[in-house]
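Reading the structure
Take a look at the letters that make up each chain.
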Amino acid sequence: TGTAEKTGVGGYNHKSLLSSFIGVFPVDDPQYIVVAFVDEPHPNAHSYGYATGGWTGAPVVGQVIKQMAPLVGIAPEQDTHLLTIKHDLLPQEGG
């Protein structure tokens, strides 16, 4: 992710942002790169008031990959590694 303040008269303009996010897919054998730049994103309730690359650019990249992957013959996969991590974090019976 990336978020930068744009320059203005006398320095950086703290309310004028350029946010970005870069994603690759498939993750285990990257073949495609998707880049999103959002010029002057606006924070909102959905982004919990943030206008950073992770909150504005990442959803764009996710939607592009979701629509593009089937067109290039890449089927979605379930990430079993994350499922294992979540399972390991669950409280165990007896203590």
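Only a predicted model underlies this, so the values are computations on that prediction, with no experimental measurement involved.

**Quick look at the pairing of strand E2 (residues 11–25)**
Sheet topology places strand E1 (residues 2–8) next to E2; seven bridges connect them, and they run antiparallel. Note that in E2 the partner of glutamate 5 across the bridge is leucine 17. From the end of E1 to the start of E2, which pair antiparallel, there are two residues, and glycine 10 there has a positive phi angle of about 85 degrees. Where E2 meets strand E3 (residues 32–39), eight bridges bridge the pair, whose relative direction is antiparallel. Within E3, the position partnered with phenylalanine 21 by the bridge is alanine 36. Between the antiparallel neighbours E2 and E3 lie six residues.

**Concerning a nonpolar patch on the surface**
Taken together, the side chains of Leu18, Ile22, Val24, Ile33, Val35 and Phe37 make up a nonpolar region of the molecular surface, amounting to roughly 580 Å² of accessible area. Taken together, the elements giving at least two residues each to the nonpolar patch come down to E2 and E3. Secondary-structure assignment places valine 35 in strand E3.

**What to know about the confidence of the model for the chain**
Should the pLDDT be low somewhere, the predicted coordinates at that spot are not to be read in detail. Residues at a pLDDT of 70 or more form 80% of the chain, whose mean pLDDT is 85. Looking at the elements of the chain, mean pLDDT is at its lowest for helix H2 (residues 80–89), recorded as 54, and at its highest for E3, recorded as 97.

**Quick word on the nonpolar core**
Listed in full, the seven residues of the largest apolar core are Phe25, Val34, Ala36, Val61, Ile65, Ala69 and Ile74. If you list the elements that add at least two residues to this core, you get E3 and helix H1 (53–71). Here this core takes three residues from H1, the largest share from any one element. Among all residues touching valine 34, those that are not within four sequence positions of it are Phe21, Ile22, Gly23, Phe25, Val61, Val64 and Ile65.

**Looking at the packing of aromatic side chains**
Throughout the structure, instances matching the rule amount to three aromatic pairs. Aromatic side chains phenylalanine 25 and tyrosine 32 sit 5.2 Å apart centroid to centroid with 25 degrees between the ring planes, which places their arrangement in the stacked category. The class for tyrosine 32 is partly exposed, based on a relative accessible area of 25%. Relative to tryptophan 55, the ring of tyrosine 48 has its centre 5.3 Å away and its plane inclined at 70 degrees; by these criteria the two rings are edge-to-face. Accessibility expressed as a relative area gives 34% for tryptophan 55, which makes it partly exposed. Connected via pairs of aromatic rings, a cluster forms that spans Tyr48, Tyr50 and Trp55.

Cut-off values and rules
- Residues numbered from 1 in each chain as written.
- Predicted model: local features only at pLDDT ≥ 70, side-chain atom pairs only at ≥ 80, totals over all residues.
- Heavy atoms only, no water.
- Pairing = 2+ DSSP bridges.
- Helix = DSSP H or I, 4+ residues; strand = E, 2+ residues; numbered from the N terminus.
- Patch = residues over 30% accessible without salt bridge, like charges linked within 9 Å, V, L, I, M, F, W, Y side chains within 5 Å.
- Areas by Shrake-Rupley, 256 points an atom, 1.4 Å probe, with all protein chains shown as cover.
- Salt bridge = Lys/Arg side-chain N within 4 Å of Asp/Glu carboxyl O.
- pLDDT = per-residue confidence, 0-100.
- Core = buried A, V, L, I, M, F, W, Y, C linked by side-chain atoms within 4.5 Å.
- Buried < 20%, exposed > 50% of the residue type's maximum accessible area, 1.4 Å probe, protein only.
- Contact = heavy atoms within 4.5 Å.
- Phe/Tyr/Trp six-rings, centres within 6.5 Å; stacked < 30°, edge-to-face > 60°.

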